[in-house]
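# Structural characterization, general
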Amino acid sequence: MDIISVTVLLNFGMKLLFALLVLLIGLKIIKYISRPVKDGLEKRDVDPSLRPFLLSLLDGVLKVLLFITIASMLGVKMTSFVAIVGAASLAVGMALQGSLSNFAGGVLILLLKPFRVGDYIEGAGYSGTVEEIQIFYTHLKTPDNRLIVIPNGDLSNNSIVNYSSKSERRVDLTFGVGYDNDIDKVKNAIREVIDSHELIMKIPEPFIRVGSHGDSSVNFVVRVWTKAEDYWTVHFDLLEMVKNKFDKEKIDIPYPHMDVNIMGNK
């Protein structure tokens, strides 16, 4: 190997070594930059739904700039680099159509805000509390503490039920009683239970009416309003309190039963 070849190899080796050093330092700088930016977003009271998205976007942009800087340090001409990036972007774009759809879905979610961090939602076949909205995925936490990661494209292209968007919710229940019971007595018993519950709102007025005549029961439809955060408390309290009230008032609740007759030998 001649002296020129050795010199070229040494120069390239030095460039490569320096580029690796810049890469390591650059990644650390990007990591340190993210921390004050995160603190600044929190201090400025930026929407919690938007913070992870902005941080992820900033991280991606800084890493792309770092990669371009390292490529130029290694002697890659920008015109050639742009052409390579363009061709690579086309190939990657075709291979990652789903990811691009998720990115667009994330942007739509943050712009239209069908839900925010902390909301309880149902979408794409899952339900849970929104923990984080990232560039490509949304994280939900289920009531039994499971983590569900849903692509943003699926959420933005499907119907979403947001149970936390309104401050008040209606609790709908149905109570069946036997046909021998007095209708007014049943309604009064349910009314007394509702009036005694401090979490049930007086306005709108509770609704108690006969909803249907079943095969073995008269079914009473009960609708009451409460704060969204008290929904499940009211739901389960009414089920228990109405049952106890019916027992106290001797109001029977029909249930399937079987009569067995044993015939003796003749």
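Reading the values: rules and limits
- Residues numbered from 1 in each chain as written.
- Predicted model: local features only at pLDDT ≥ 70, side-chain atom pairs only at ≥ 80, totals over all residues.
- Heavy atoms only, no water.
- Helix = DSSP H or I, 4+ residues; strand = E, 2+ residues; numbered from the N terminus.
- Buried < 20%, exposed > 50% of the residue type's maximum accessible area, 1.4 Å probe, protein only.
- Contact = heavy atoms within 4.5 Å.
- Areas by Shrake-Rupley, 256 points an atom, 1.4 Å probe, with all protein chains shown as cover.
- 1 Å grid on protein atoms, 1.4 Å probe; cavity = no way out; pocket = protein on both sides within 12 Å on 5 of 7 lines; lining within 4 Å.
- Points joined across faces, edges and corners; volume = space filled by probe spheres on them.
- Nonpolar A, V, L, I, M, F, W, Y, C, P; charged D, E, K, R; others polar.
- Pairing = 2+ DSSP bridges.
- Axes fitted to C-alpha atoms, helices over the stretch in contact; angles between N-to-C directions.

Right, let's talk about the overall build of the protein chain for a bit. Looking only at helices and strands, one finds 7 helices and 8 strands in the protein chain. For the protein chain, the residues scored as buried account for 28% of the 266 residues in total. Counting only contacts in the protein chain whose residues sit at least 6 apart along the sequence, the fraction spanning at least 24 positions is 64%. Carbon and sulfur atoms form 60% of the exposed surface of the protein chain, whose accessible area is close to 18000 Å².

A few words now on the layout of surface pockets. The calculated volume of the second largest pocket comes to roughly 240 Å³. Looking at the lining of the second largest pocket residue by residue, the class counts come to 6 nonpolar, 2 polar and 2 charged.

Its place among the elements puts valine 210 in strand β7 (residues 207–213). In this structure, the C-alpha to C-alpha distance between valine 210 and phenylalanine 175, residues 35 residues apart in sequence, is 9.4 Å. Once you skip the residues sitting within four places of it in the chain, valine 210 turns out to touch Ile183, Val218, Asn219 and Phe220.

Attention shifts here to the sheet that holds strand β6 (residues 168–177). Taken in spatial order, the 3 strands of this open sheet run β6-β8-β7, and their pairing is antiparallel. Single-partner strands in this sheet number two, and they are β6 and β7. Averaged over all pairs of adjacent strands, the angle between their axes in this sheet comes to 25 degrees, without regard to strand direction. Sheet topology places β6 next to strand β8 (residues 218–227); 10 bridges connect them, and they run antiparallel. The residue bridging phenylalanine 175 from the neighbouring strand is phenylalanine 220, located in β8. Sitting on the sheet, helix α6 (residues 183–196) touches β6, β7 and β8, and the angle it makes with β8 is about 20 degrees.

As for its position among the elements, lysine 245 is in helix α7 (residues 231–248). Not counting residues within four places of it along the chain, the set of residues in contact with lysine 245 comprises Ala189, Glu192 and Val193.

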